[in-house]
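# A structural walkthrough
As a plain string of letters, each chain reads:
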Amino acid sequence: MDDSTLKQKLLAQAKRRSSPRAAETAWQAPSGQAADGRPATGSAGSWTDFTAHPGYRHLALMRQGASRLGLTDPFFKVHEGTAGATSTLEGRTFINFASYNYLGYSGDPRVNQAARDAVERYGTSVSASRAVSGERPIHQALEQALAEAYEAEDAVAFVSGHATNVSTLGYLLGPRDLVLHDEYIHNSALVGTQLSGAKRMPFPHNDAERLDALLERHRHRFERVLIIIEGLYSMDGDAPDLARFVALKKQHEAWLMVDEAHALGVLGERGRGLYEHCGTSPDDVDIWMGTLSKTLAGCGGYIAGTKPLVEMLRYFAPGFLYSVGMPAQVAAPALRALELMRAEPERVARLHAISDYFLAQAQKRGLDTGYSIGAAVVPVIVGNSPQATRLCQALFDQGINVQPIVYPAVPENSARLRFFLSCDHTQEQIDRTLDILQQQLDDANTPR
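The sections below set out a description of the structure shown in this document. Because the structure is predicted, anything quoted here is derived from the model rather than measured. (Residues numbered from 1 in each chain as written. Predicted model: local features only at pLDDT ≥ 70, side-chain atom pairs only at ≥ 80, totals over all residues. Heavy atoms only, no water.)

Attention now goes to the sheet that holds strand β4 (residues 178-182). Hydrogen bonds between backbone groups are what pair the strands of a sheet, and the pairing can be parallel or antiparallel. The mixed open sheet is built from seven strands, whose spatial order is β3-β9-β8-β7-β6-β4-β5. The open sheet has two free edges, formed respectively by β3 (154-158) and β5 (199-203), since each of these has just one partner strand. Strand-to-strand, the axes of this sheet are offset by a mean angle of 20 degrees, without reference to chain direction. Two strands pair when backbone bridges link them, and strand β8 (residues 287-291) and strand β9 (residues 301-305) are joined in this way by four bridges, in the antiparallel orientation. Counted as the bridge partner of tryptophan 288 is alanine 304 from β9. Docked against the sheet, helix α6 (residues 137-149) engages β3 and β9, running at close to 125 degrees with respect to β3. (Pairing = 2+ DSSP bridges. Helix = DSSP H or I, 4+ residues; strand = E, 2+ residues; numbered from the N terminus. Axes fitted to C-alpha atoms, helices over the stretch in contact; angles between N-to-C directions. Contact = heavy atoms within 4.5 Å.)

This is the structure:
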């Protein structure tokens, strides 16, 4: 099998795995099975061998393809300390563009101290679900601060960002409901919608006109309708026109949910997120969702909104009700980071300045930055997955850590390097990185 054939096989298999019918079509009978999928007489362990599972077969094919193309695995790199604008990997200091530490609060001594104090007071686990006996004052303080950030009535914090969407959507919606979401929405929203049994329809990225058309055509067929968008899209670094989506949700009597995972601390003069960036009222959004693992230097997720919404989730959302409460040493640093963000708007200003600088310098060099608005997330689109992976390794060899985003996470013709900016990055670091990247691209495009 030549490299071209192998690449096409990888693409075809990845497409099958990401399709809605993947579960029906992906299994191919392993050796020792009959064509109809039943174990052949005398076979042992045919359906219990994990190496025969379609997921493992796909992984093995990916590794075979990478090996044939001379590519090294760019994932699961080990950071040996705090990951901010720089990080230590393999005993070396790297310029780091692969972490969500946007305002530099992960590793900040004041945030670290908040975690230490919480451990001393509450121990390393709250040892129960919050509904039973896991509730602690730090949980309530964090949720009050999150609610205040969105000028909302209340908020609830989950132990996992992914589970926040899965559990919230899975509980709130049912088979008579409809979810309309941006085609680039996060996997957690897709999984939550699937769990709910609601009908799901994507609309083209940031295309409010197409969403309006879908609502005109289908709204009358459903009871509750939920529109889901993101505050800042982590693949492209762009943001929606919130006012337009608010107008549509009001016109068609729908809920609007905004996933702020990458927007809080990044968008707006004070880092309040999409509503501040767009100059709209936070009350116009029914469900604010976000994570504690980016700007807020912790782990977990949250929902902010009205008291009825939050109370329902506290008592009935499975991912909250049946999960042990968030450890105090996770809640406390998130709360401290949120307090510091309010007190230190200059960090947000520095993040905006360095992000603008990166975007301007990349475009000056003729690099394709897609639709990025220059707010902490800037992709450099390079065209195909092997190229993105090779560039990742070439930059790593020269002390720069950036991750490739490859098919099927993005279309094959828009594979990219995705740069996450921190307020602690310097212009010198940006210049060095972009000079090396440009040289690598020039070398790759030079006829041999």
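A full pass over the atoms with the stated rule returns 18 salt bridges. A salt bridge links glutamate 143 to arginine 314; its shortest N-O distance comes to 2.8 Å. Here glutamate 143 is found in helix α6, whereas its partner arginine 314 is found in helix α12 (residues 307-316), with 171 residues between them in sequence. Judged by relative accessible area, glutamate 143 falls into the buried class, the value being 2%. Judged by its relative accessible area of 21%, arginine 314 falls in the partly exposed class. (Salt bridge = Lys/Arg side-chain N within 4 Å of Asp/Glu carboxyl O. Buried < 20%, exposed > 50% of the residue type's maximum accessible area, 1.4 Å probe, protein only.)

It is worth spelling out the nonpolar core at this point. Core analysis: the biggest nonpolar cluster contains 96 residues, and Leu242 and Phe419 have the highest contact counts within it. If one sorts the elements of this core by residue count, helix α14 (residues 328-343) sits on top with 10 residues. Every residue in contact with phenylalanine 419, bar those within four places of it in the chain, is listed here: Phe97, Phe358, Ala376, Val377, Val378, Val380, Leu395, Val402, Thr433 and Leu437. Core analysis: the next-biggest nonpolar cluster, separate from the first, contains 20 residues, Val156, Leu169, Leu173 and Ala189 among them. (Core = buried A, V, L, I, M, F, W, Y, C linked by side-chain atoms within 4.5 Å.)

Moving on to unusual backbone geometry. Going from tyrosine 407 to proline 408, the amide bond is cis rather than trans, its omega being 10 degrees. If you trace the backbone, proline 408 turns up in the loop between β12 (403-405) and β13 (416-420). Positive phi, close to 55 degrees, is recorded for glutamate 90, a residue that is not glycine. Checked against the element boundaries, glutamate 90 lands in the loop between β1 (86-89) and β2 (92-96). Judged by its relative accessible area of 59%, glutamate 90 is exposed. The phi dihedral of asparagine 206 is positive, around 60 degrees, even though this residue is not glycine. Checked against the element boundaries, asparagine 206 lands in the loop between β5 and α9 (208-218).

The next point concerns helix α16 (residues 385-397). The terminal C-alpha atoms of α16, which comprises 13 residues, lie 19 Å apart, in line with the 18 Å expected from a rise of 1.5 Å per residue. Those residues of α16 that sit buried are Ser385, Pro386, Gln387, Ala388, Thr389, Leu391, Cys392, Ala394, Leu395 and Phe396. The opening residue of α16, the one whose side-chain oxygen lies 2.8 Å from the backbone nitrogen of glutamine 387, is asparagine 384. Phi turns positive, to about 85 degrees, at glycine 399, one or two residues after α16. (Expected span 1.5 Å × (residues − 1). Polar contact = N/O pair within 3.5 Å; in protein donor to acceptor, adjacent residues only side chain to side chain.)

The next thing to look at is the packing of α6 against α14. Remark: α6 packs on α14, axes separated minimally by 9 Å, with the N-to-C direction vectors making an angle of 35 degrees. Where α6 crosses over α14, the handedness of that crossing is left-handed. Contacts between α6 and α14 involve Ile138, His139, Ala141, Leu142, Ala145, Leu146 and Glu148 from the former and Ala328, Ala331, Ala332, Ala334, Leu335, Leu338 and Arg342 from the latter. Taken together, the residues of the contact of α6 with α14 sort by class into 11 nonpolar, one polar and two charged. (Left-handed = near helix turned anticlockwise from the far one by under 90°. Nonpolar A, V, L, I, M, F, W, Y, C, P; charged D, E, K, R; others polar.)

Where burial is concerned, most of β4 is hidden: five out of the five residues are buried. This β-α-β element, β4 to helix α8 (residues 187-196) to β5, shows right-handed connectivity. (Right-handed = clockwise from strand over helix to strand, strands pointing away.)

Aromatic rings in a pair are described by how distant their centres are and how their planes are angled relative to each other. Throughout the structure, instances matching the rule amount to 14 aromatic pairs. Both rings, one in phenylalanine 203 and one in phenylalanine 245, keep their centres 6.0 Å apart while their planes meet at 35 degrees; by these two values the pair is tilted. Of this pair, phenylalanine 203 sits in strand β5 while phenylalanine 245 is found in helix α10 (residues 242-251), placing the two residues 42 residues apart along the sequence. Taken as a pair, phenylalanine 203 and phenylalanine 245 share a single burial class, namely buried. (Phe/Tyr/Trp six-rings, centres within 6.5 Å; stacked < 30°, edge-to-face > 60°.)

Strand order across the open sheet formed by three strands is β10-β13-β12, with antiparallel pairing between neighbours. Each end of this open sheet is capped by a strand with a single partner; those strands are β10 (377-381) and β12. The average undirected angle you get between the axes of adjacent strands in this sheet is 35 degrees. Pairing geometry for β12 and β13, over three bridges, is antiparallel. Bridging across to β13, glutamine 403 finds its partner in arginine 418. The strands touched by α16 are β12 and β13; relative to β13, the strand with the most contacts, the crossing angle is about 45 degrees.

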